[in-house]
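# Coordinate analysis (summary)
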Amino acid sequence: MGQFPITRLRRLRQRANIRDLVRETHLHPGKLVLPLFIKEGKNFKNPIASMPGHFQLSVDQLPEEIKSITQLGIKSVMLFGIPSEKDGLGKMSYSDHGIIQKAIPVIKKAAPDLLVMADVCFCEYTDHGHCGVVIEHEHAEVNIDNDKTLELLAKQAVSYAKAGADIIAPSGNMDGMVLAIRHGLDDAGFQHIPILSYSVKYASAMYGPFRQAAEGAPKFGDRRTYQMDVANSNEALRECALDISEGADMLMVKPAHTYLDVIYRIKETYPELPLCAYHTSGEFAMIKAASEKGWMDEQKSALEILTAIQRAGADFIITYFAKEVAAWLK
Ligand code: PBG
Ligand code: ZN
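First, a word on scope: everything that follows refers to the structure included in this document. (Residues numbered from 1 in each chain as written. Chains lettered and ligands numbered in written order. Predicted model: local features only at pLDDT ≥ 70, side-chain atom pairs only at ≥ 80, totals over all residues. Heavy atoms only, no water.)

## Some remarks on the coordination of the zinc ion (ligand 2)
Stated precisely, the cut-off is as follows: Keep in mind that water is not among the atoms, so a site may look incomplete; donors are the N, O and S atoms within 2.8 Å of the metal, or 3.2 Å for Na, K and Ca. In these descriptions, tetrahedral denotes four donors with every angle between 85 and 135 degrees, square planar four donors and octahedral six donors with opposite donors over 155 degrees apart and the rest between 65 and 115, and irregular any other case.
With distances of 2.2 to 2.3 Å, the protein atoms coordinating the zinc ion (ligand 2) are C121 (SG), C123 (SG) and C131 (SG). Taken together, the 4 donor atoms surrounding the zinc ion (ligand 2) define angles of 98 to 123° at the centre, an arrangement classified as tetrahedral. For the zinc ion (ligand 2), all donor residues lie on one chain, and their spacing in sequence is C-x1-C-x7-C.

Below is the structure:
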């Protein structure tokens with residue numbers, strides 16, 4: 001015997017097959033949701049500079065893209081639309097001729113079993129770039145007409161459900177959005193459509209690349225009057241309690257990598273509800289940029305961070321790495 005015996009911990013790490021046996025967290029492509037940006041127009045696949053490997057796609061590009069996604073074993077996508085016209089109310093988001101309304105049937109035709117989640121918000125559709133109807137603004141303080149926004153959110157959600165969306169995902173952080181959308185869906189005959197609420201959404205700097213990709217950056221002020229203060233986590237539990245009382249079927253924390261403590265607390269408090277985490281555009285871009293510089297190993301970093309998000313308590317993850325991870329896991 002040596003000075004100190006090999007511990008039971010070390011004994012289980014000595015060989016790869018033993019490590020595999022005792023591994024506690026397993027990433028699976030079926031638990032990853034791939035975001036897609038679909039833009040009005042024809043015949044283009046515009047690379048998004050700050051998000052290597054991601055594109056703004058015109059609807060005609062979707063069948064090919066969807067084929068490659070399903071071949072990799074990815075089972076769900078989250079759709080974001082970029083309209084040709086914007087206005088104060090974001091009317092194109094609930095028009096029958098809206099971009100998402102045109103895209104969903106094309107996706108469904110290409111892959112009937114692919115789960116289609118529709119992000120429900122107004123920032124891509126309003127000329128001011130805020131997530132609801134703006135009443136007034138003074139510097140950073142943007143006042144949103146919550147009731148008017150709720151009415152329009154329900155309209156948008158029903159319109160997406162009519163187009164064939166499987167899951168409705170409101171991301172605007174309006175008070176009462178889940179209840180308003182639930183009523184809207186139920187009244188329109190969509191009682192069976194679940195709501196995945198962006199329950200805990202922080203006013204984060206991690207959305208920078210997304211706002212370029214989705215062309216939804218606010219033209220004035222910021223989103224701190226409706227998104228959460230990054231310093232708070234008790235408040236996250238209150239947000240979840242509210243969403244659950246309004247009928248949310250699934251909860252979400254966003255961003256993910258920088259909010260593992262919040263994911264953990266919510267899963268501990270509400271283990272019975274499916275919890276999603278959104279590994280955001282900025283969190284993706286950081287890994288990409290550092291790997292491009294040769295400062296980090298992309299594959300190892302991405303797998304480690306996504307594993308950590310799942311280990312913290314996320315049941316499924318929205319991530320721009322979905323395709324890469326699915327390929328790496330093959
Ligand atoms: C729209 C929305 C945003 C994201 C998802 N839905 C941007 C925002 O709230 O400013 C961010 C996603 C990402 O950064 O990957 N409300
Ligand atoms: Zn928004």
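Following the structure, the description resumes.
## Digging into the site of ligand 1
In plain terms, the rule: We call a residue near a given molecule or strand whenever any one of its heavy atoms falls within 4 Å of it. Identification of polar contacts relies on pairs of N or O atoms within 3.5 Å, with a donor-acceptor requirement for protein atoms, meaning one able to donate a hydrogen and the other able to accept it, and with residues adjacent in sequence counted only if both atoms are side-chain atoms. Working definition of accessibility: Shrake-Rupley area with a 1.4 Å probe, residue cover restricted to the visible protein chains. Any residue with an atom within 4 Å of a point lines the site, the site being either a cavity, points on a 1 Å grid over the protein atoms alone where a 1.4 Å probe fits but cannot get out, or a pocket, an open set with protein on both sides within 12 Å along at least 5 of 7 lines. In this description, a molecule resides in a pocket or cavity if more than half of its atoms sit within 2 Å of the grid points defining it. Put simply, Ala, Val, Leu, Ile, Met, Phe, Trp, Tyr, Cys and Pro go in the nonpolar bin, Asp, Glu, Lys and Arg in the charged bin, and everything else, Gly too, in the polar bin.
Lining the immediate surroundings of ligand 1 are 18 residues, of which K201, R211, K254, S281 and Y320 lie closest. Between a nitrogen atom of ligand 1 and a side-chain N or O atom of S171, the distance comes to 3.1 Å. R211 places a side-chain nitrogen or oxygen 2.7 Å from an oxygen atom of ligand 1. Surface burial for ligand 1 is 100%, taken as the share of its 400 Å² of free accessible area covered by protein chains. Judged by the proximity of its atoms to the pocket grid, ligand 1 belongs to the largest cavity. Broken down by class, the residue content of the shell around ligand 1 amounts to 9 nonpolar, 4 polar and 5 charged.

## Here's the deal with the layout of surface pockets
Counted only if it meets this: Grid points are joined across faces, edges and corners, and a volume is the space filled by probe spheres set on the points. A helix here means a DSSP run of H or I that spans at least four residues, while a strand means a run of E at least two residues long, and both kinds are numbered starting from the N terminus.
The calculated volume of the largest pocket comes to roughly 310 Å³. Along the wall of the largest pocket there are 14 residues; nearest its centre are R19, V22, R23, E24 and T25. When residues of the lining of the largest pocket are traced back to their parent elements, those giving at least two are helix 1 (8-11), helix 2 (16-22) and helix 11 (298-312). At 5 residues, helix 11 tops the list of elements feeding residues into the lining of the largest pocket. Partitioning the lining of the largest pocket into residue classes produces 5 nonpolar, 2 polar and 7 charged.

## Overview of the packing of aromatic side chains
Let me state the cut-off plainly: Pairing of aromatic rings covers Phe, Tyr and Trp, the last through its six-membered ring, and needs centres within 6.5 Å; plane angles under 30 degrees mean stacked, over 60 mean edge-to-face, and all others mean tilted. When a residue's accessible area, from a 1.4 Å probe over protein chains only, is under 20% of the maximum for its type it is buried; when over 50% it is exposed; and in between it is partly exposed. Two limits define a charge over a ring: the Lys NZ or Arg CZ must be within 6 Å of the ring centre, and within 35 degrees of the ring normal.
This structure, assessed with the given rule, holds 10 aromatic pairs. Judged by centre distance (6.3 Å) and plane angle (35°), the rings of F321 and W328 are tilted. Exposure remark for F321: the relative accessible area of 0% places this residue in the buried category. Overall, W328 belongs to the partly exposed group, its relative accessible area being 24%. The lysine or arginine in question, K45, covers the ring of F55, its NZ or CZ lying 4.6 Å from the ring centre. Looking at K254, its charged tip hangs above the ring of Y207, at a distance of 4.1 Å from the centre.

## Here's the deal with a nonpolar patch on the surface
To be explicit about the condition: Here a patch means residues that are over 30% exposed by relative accessible area and free of salt bridges, tied together within 9 Å if like-charged and within 5 Å if nonpolar (Val, Leu, Ile, Met, Phe, Trp, Tyr). Salt-bridge detection follows one rule: a side-chain nitrogen of Lys or Arg within 4 Å of a carboxyl oxygen of Asp or Glu.
A cluster of nonpolar side chains, namely L12, L21 and V22, defines an oily patch on the protein surface of about 290 Å² accessible area. For L12, the location among the structural elements is in the loop between helix 1 and helix 2. Since its relative accessible area comes to 42%, L12 is described here as partly exposed.

## Focus on the nonpolar core
Counted only if it meets this: As used here, the term nonpolar core means buried Ala, Val, Leu, Ile, Met, Phe, Trp, Tyr and Cys residues forming a set that is joined through side-chain atoms within 4.5 Å. Pairs of residues are marked as contacts when any of their non-hydrogen atoms sit within 4.5 Å.
Ranked by internal contacts, the top residues of the largest apolar core, which has 110 residues, are F37, L185, L196 and I266. At 8 residues, the largest contribution of residues to this core is made by helix 5 (residues 146-163). When residues no more than four places from it in sequence are discounted, the contact partners of I266 are V200, A236, L237, C240, L251, V253 and L275.

Read these as layout, nothing more, since geometry by itself doesn't imply function.
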